[in-house]
Amino acid sequence: MADTLVAGDEVIVVGAGVVGIAIALQLRLEGFAVTLLDRGEPAMETSYGNAGAFAISDVIPLAEPGVLRKVPGWMLDPLGPLALRWRYLPSLLPWLLRFLAASRPSRVATLTRDLSALLRRVNQDYAALIAQAGLGAMWRRHGNLTLYRNQQEFDAALPAWEEKRRHGVQWQALSRSQLLAQEPLLAEEWQCAVRVPDWSHVDDPYTFSCGLFDAFVREGGRFVQDEVLATLEQGGRVSGVETASHGRLQAAATVIACGVWSDRFTRQHHYRVPLESERGYHVNLPKAGVKLHHFIQCASESFVILPMADGGLRLAGTVELAHRDAPADWRRAHILLDKARRIVGDFSTADMTVWMGNRPSLPDTVPIIGPAPQQPGLWFATGHGHLGLTLAATTAVLLTSMLQGRTPALDMQPYRMCRF
Ligand SMILES: Cc1cc2nc3c(=O)[nH]c(=O)nc-3n(C[C@H](O)[C@H](O)[C@H](O)COP(=O)(O)OP(=O)(O)OC[C@H]3O[C@@H](n4cnc5c(N)ncnc54)[C@H](O)[C@@H]3O)c2cc1C
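These numbers come from a predicted model, not from an experiment.

*Asks:* Could you give me a rundown of the overall build of the protein, with the residues and numbers involved?
*Replies:* Counting its regular elements, the protein contains 11 helices and 21 strands. Scaling as 2.2 N^0.38, a compact globule of 420 residues should have a C-alpha radius of gyration of about 22 Å, and the protein matches this with 21 Å. With respect to the three principal axes, the spread of C-alpha positions in the protein is 65 × 45 × 40 Å. Each of the 420 residues in the protein was classed as buried or not, and the buried ones make up 59%. Of the contacts formed within the protein by residues at least 6 apart in sequence, a portion of 75% connects residues at least 24 apart. Carbon and sulfur atoms make up 53% of the accessible area of the protein, which amounts to about 16900 Å² in all. Here the protein holds 41 positive side-chain charges and 41 negative ones, and the gap between their average locations is 3 Å.

*Asks:* Kindly report on the sheet that holds strand β13 (residues 248-250), identifying the contributing residues and their values.
*Replies:* Strand order in the open sheet formed by 3 strands is β11-β12-β13, and the pairing between neighbours is antiparallel. Two strands lie at the open edges of the sheet, namely β11 (228-234) and β13, each paired on one side alone. For this sheet, the mean inter-axis angle between neighbouring strands, taken without regard to orientation, is 35°. Pairing of β11 with strand β12 (residues 237-243) involves 6 bridges; the strand directions are antiparallel. The residue bridging Ala230 from the neighbouring strand is Glu242, located in β12.

*Asks:* Talk me through the site of the ligand; I want residue IDs and the actual numbers.
*Replies:* Close to the ligand lie 35 residues, the nearest being Asp38, Thr46, Ser47, Gly385 and Thr390. Contact distances for the ligand include 2.8 Å between an oxygen atom and a side-chain N or O atom of Thr46. Residue Gly52 places a main-chain N or O atom 3.4 Å away from an oxygen atom belonging to the ligand. Summarising the interface, the protein chains cover 98% of the accessible area of the ligand, which totals 1000 Å² for the free molecule. Only α1 (18-29), α9 (263-268), β15 (276-285), β19 (353-361) and α11 (388-403) provide two or more residues apiece to the shell around the ligand.

*Asks:* Outline α11, listing residues and values.
*Replies:* Thr394 marks where α11 bends most, by close to 30°. Burial runs high along α11: 15 of the 16 residues are buried. Two residues or fewer past α11, Gly405 is found with a positive phi of approximately 75°.

*Asks:* If you had to explain the pattern of salt bridges to someone new, which residues and values would you point to?
*Replies:* Summed over all chains, the structure comprises 23 salt bridges. Arg85 is the partner of Glu320 in a salt bridge, and the nearest nitrogen-oxygen pair spans 2.9 Å. On the criterion of sequence distance, the pair formed by Glu320 in strand β18 (residues 313-321) and Arg85 in the loop between β4 (82-84) and α3 (89-101) is long-range, its members being 235 residues apart. The class for Glu320 is buried, based on a relative accessible area of 2%. The shortest N-O distance in the salt bridge between Arg121 and Asp125 comes to 3.0 Å. The exposure class assigned to Arg121 is buried, which follows from its relative accessible area of 11%. Exposure remark for Asp125: the relative accessible area of 6% places this residue in the buried category. Connected through shared salt-bridge partners, Arg149, Glu153, Glu189, Glu301, Lys339 and Arg342 make up one network.

*Asks:* Quick rundown of the pairing of strand β17 (residues 303-307)? Include the residues and the values.
*Replies:* Counting buried positions over the 5 residues of β17 gives 5, a clear majority of the element. Side chains of β17 alternate between two faces, with Phe303, Ile305 and Pro307 and Val304 and Leu306 buried alike. Bridge analysis of strand β16 (residues 295-298) against β17 gives 3 bridges, and the strand direction is antiparallel. Across the sheet, the residue bridging to Ile296 is Ile305, located in β17. Two successive antiparallel strands, β16 and β17, enclose a turn made up of 4 residues, where Ser302 displays a positive phi of approximately 50°. Here β17 pairs with β18 via 5 bridges, running antiparallel. Across the sheet, Leu306 pairs through a bridge with Arg314, a residue of β18. Linking β17 to β18, which pair antiparallel, is a turn of 5 residues; within it Asp310 sits at a positive phi near 55°.

*Asks:* With reference to specific residues and values, describe the sheet that holds strand β1 (residues 10-14).
*Replies:* With respect to topology, 6 strands assemble into an open sheet ordered β10-β2-β1-β14-β21-β20, the strand pairing being mixed. Edge positions in the open sheet fall to β10 (222-225) and β20 (368-371), since each of these has one partner strand only. Going from strand to strand, the sheet's axes swing by 20° on average, the running direction of each strand aside. Here β1 pairs with strand β14 (residues 253-256) via 4 bridges, running parallel.

*Asks:* Which residues make up the confidence of the model for the protein, and what are the values?
*Replies:* In low-pLDDT segments, the atomic positions of the prediction should not be examined closely. Confidence in the prediction of the protein, expressed as mean pLDDT, is 94, and 99% of residues score 70 or more. Among the scores for the predicted complex, ipTM is 0.99 and pTM is 0.97.

*Asks:* If you had to explain the packing of α1 against helix α8 (residues 205-218) to someone new, which residues and values would you point to?
*Replies:* Across the interface, α1 lies against α8 with an axial gap of 9 Å and an inter-helix angle of 30°. Between α1 and α8, the interaxial angle falls into the category roughly parallel. The way α1 lies across α8 gives a crossing that is left-handed. Every residue of α8 that contacts α1 at Val18, Ile21, Ala24, Leu25 and Arg28 is listed here: Ser209, Leu212, Phe213, Ala215 and Phe216. Here the residues of the contact of α1 with α8 sort into 8 nonpolar, 1 polar and 1 charged.

Definitions and cut-offs
- Residues numbered from 1 in each chain as written.
- Predicted model: local features only at pLDDT ≥ 70, side-chain atom pairs only at ≥ 80, totals over all residues.
- Heavy atoms only, no water.
- Helix = DSSP H or I, 4+ residues; strand = E, 2+ residues; numbered from the N terminus.
- Rg over C-alpha atoms; globule rule 2.2 N^0.38 Å.
- Buried < 20%, exposed > 50% of the residue type's maximum accessible area, 1.4 Å probe, protein only.
- Contact = heavy atoms within 4.5 Å.
- Areas by Shrake-Rupley, 256 points an atom, 1.4 Å probe, with all protein chains shown as cover.
- Lys, Arg positive; Asp, Glu negative; His and termini not counted.
- Charge placed at Lys NZ, Arg CZ, Asp CG, Glu CD.
- Pairing = 2+ DSSP bridges.
- Axes fitted to C-alpha atoms, helices over the stretch in contact; angles between N-to-C directions.
- Near = heavy atom within 4 Å.
- Polar contact = N/O pair within 3.5 Å; in protein donor to acceptor, adjacent residues only side chain to side chain.
- Bend = angle between axes of the 7 residues up to and from the residue.
- Salt bridge = Lys/Arg side-chain N within 4 Å of Asp/Glu carboxyl O.
- pLDDT = per-residue confidence, 0-100.
- Parallel < 35°, antiparallel > 145°, perpendicular 65-115°, else oblique.
- Left-handed = near helix turned anticlockwise from the far one by under 90°.
- Nonpolar A, V, L, I, M, F, W, Y, C, P; charged D, E, K, R; others polar.

Given below as structure tokens:
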């Protein structure tokens, strides 16, 4: 049975990535006494280096047949958009089998409905949280551009765009001249594009997450830097956490928002959740000297360009299926440089840095948001995959409603852990 908490009750949130920070802030704004724990500084893991997009049009799950058809070709190229460390295959097999199962057309239709129900709320949920946190100046709300080389490439993507439109995503197809009117720098190779006007981004997702964190502290939230070893149980319910240096902390509810590391707690409670890392890379080019206005997606190459402050760029993307602790393959970051030059021309690589992060990925692309099936007092918000920044505020609003015993604005069944 789910808990019902009232203002003033103690809540522990474990994990200060963007998902945990947004939940902690929302709970604090609703009057709960919130302790946010992280073994490190806030937003220093996956939420540090993502591409900064509020990707409201990504309503179709990753395991859709169009993607599956491309997988064999990608896998032959170790530096292609998708790579697998073959040594990791036996461990990954359960996740891969579920990924395949999620690609059945009827399942894709259901998952698209479930994802779009979340994504439709993103702008409204973020508007409230961003206003409370005073971060409006960081939020760039002028849409994105998905580039295609020619009409043929665009036509191949059209069924997916039509499906998105059926799920409420507004978009416009742009000719070369319309594209140039939006972004004059784009190379001749790109002949058409799709613009999603309601898509938005932040220049720097780390600064943005820190802004949410600062608002949490300003509102009276407590941050404890410590590793959580396990959850505690008392009287048949989870009553708090055991930490490495601060001993036992008690709370009426404990929320696990540890990204890909949430499996420590699913395993503790014997839940079989197929949570794996889809590792992604970025290249930061603070002195690129390229003035872009829009967030750019290159569908055929599976990477994106985030315009950052002062003409800086972040190139991000690719998926690498490997153990989260395996050494990074920095070639996967460096190949993004040539791909980006083919879009925006040459740029400076002065002060360039590279980064790798662990997307917490579930095989059906839908996050877990809700109570643990068997343990009162324990909640999970994890598995946000490619959409953790996008869905953080919506996750926070929905989870807070559930903790308050209110009927959330959505049917939350599709997001429960017990679907696995
Ligand atoms: C290259 C790349 C580009 C991306 N681009 C986008 C994008 O444009 N838009 C988007 O929406 N998403 C994007 N993502 C995905 C997004 O970054 C993730 O979904 C999101 O950051 C996950 O946030 P999180 O809070 O769940 O996890 P994390 O940010 O990983 O945070 C988990 C936190 O839990 C802490 N923790 C773990 N275990 C413990 C423990 N036992 N005790 C205490 N603390 C613990 C960790 O220290 C960490 O701080 C991208 C990801 C990558 C890799």
